[in-house]
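Observations on the three-dimensional arrangement
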Amino acid sequence: MLKTFIVNSDSMVPSLKKGDIVEISEINLISEIKKGEIALFEFENRTYAHRILYRGEFFFLSAGDNNIITDSPMPVSLLKGKIKLHKSFRFYFPVSSFFFCSIFKRIHKFLHKYFV
């Protein structure tokens, strides 16, 4: 079963950036994930996507590509899946904030005039 996850930090830059959308596939056996793959795990009600550095029988070591130190050893039970597909979705608005402010002011005046 595939699930999606939105990256919410820059710990995996340059591989994953904040706002990227990734598809996660569940894994049933620890042998399904290899060293170097990016895994998704849950710890203290937070979800993390970090690269596997070492896989043991009962635990694994991981770290974000942008992090200097590794995560604490994690039990296999925290592993939720691995990343299968990564898509970058970032939006850029090449117009000034002045332009947006003036449009929003006009919309506000229009709505206030006809609907309030």
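Residues numbered from 1 in each chain as written. Predicted model: local features only at pLDDT ≥ 70, side-chain atom pairs only at ≥ 80, totals over all residues. Heavy atoms only, no water.

Turning to the overall build of the protein chain, a few remarks are in order. Within the protein chain one finds 1 helix and 7 strands. Secondary structure of the protein chain in N-to-C order comes out as β-β-β-β-β-β-β-α. Sorting the 116 residues of the protein chain into buried and exposed places 26% on the buried side. Entry remark: accessible area of the protein chain is about 8600 Å², with carbon and sulfur atoms responsible for 61%. (Helix = DSSP H or I, 4+ residues; strand = E, 2+ residues; numbered from the N terminus. Buried < 20%, exposed > 50% of the residue type's maximum accessible area, 1.4 Å probe, protein only. Areas by Shrake-Rupley, 256 points an atom, 1.4 Å probe, with all protein chains shown as cover.)

Attention now goes to the nonpolar core. Residues Phe5, Val7, Met12, Leu16, Val22, Ile24, Ile38, Leu40, Ala49 and Ile83 constitute the largest nonpolar core, which totals 10 residues. For this core, the elements supplying multiple residues, two or more each, are strand 2 (21–25) and strand 3 (38–43). If you look at the next biggest cluster of nonpolar residues, it comprises 9 residues, including Ala39, Phe41, Ile52 and Phe60. (Core = buried A, V, L, I, M, F, W, Y, C linked by side-chain atoms within 4.5 Å.)

Once that is clear, we can look at the pairing of strand 3. As paired elements, strand 3 and strand 4 (residues 46–55) share 6 bridges and run antiparallel to each other. Bridge pairing links Phe41 to Tyr48 in strand 4. Between strand 3 and strand 4, which pair antiparallel in sequence order, lie 2 residues; one of them, Glu44, sits at a positive phi of approximately 50°. (Pairing = 2+ DSSP bridges.)

Turning to unusual backbone geometry, a few remarks are in order. For residues that are not glycine, phi is negative in most cases, and the peptide bond is trans in most cases. Between Val13 and the following residue, Pro14, the backbone shows a cis peptide bond with an omega angle of 10°. Note on placement: Pro14 falls in the loop between strand 1 (2–6) and strand 2. Backbone geometry places Glu44, a non-glycine residue, at a positive phi of 50°. Tracing the chain through its elements places Glu44 in the loop between strand 3 and strand 4. Notably, Asn45 is not glycine yet its phi reads approximately 60°, a positive angle.

Here the protein chain averages 81 in pLDDT, and 79% of its residues register 70 or above. Note on residues 91–96: pLDDT is under 50 here. Beyond four places in sequence and across chains, it has 2 contacts. (pLDDT = per-residue confidence, 0-100. Contact = heavy atoms within 4.5 Å.)

This part takes up the packing of aromatic side chains. Overall, the coordinates contain 3 aromatic pairs when judged by the stated rule. Ring geometry for Phe41 against Phe60: centres 5.8 Å apart, planes inclined by 70°, an arrangement best described as edge-to-face. Taken together, the residues span a long stretch of sequence, with Phe41 in strand 3 and Phe60 in strand 5 (residues 59–63) at a distance of 19 residues. Here Phe60 falls in the buried class, since its relative accessible area comes to 1%. Look at Tyr54 and Phe59: their rings are 5.8 Å apart centre to centre, the planes differ by 40°, and that puts the pair in the tilted class. We classify Tyr54 as partly exposed; its relative accessible area is 44%. On the accessibility criterion, Phe59 (34% relative accessible area) is partly exposed. Pairwise contacts between aromatic rings join Phe41, Tyr48 and Phe60 into one cluster. (Phe/Tyr/Trp six-rings, centres within 6.5 Å; stacked < 30°, edge-to-face > 60°.)

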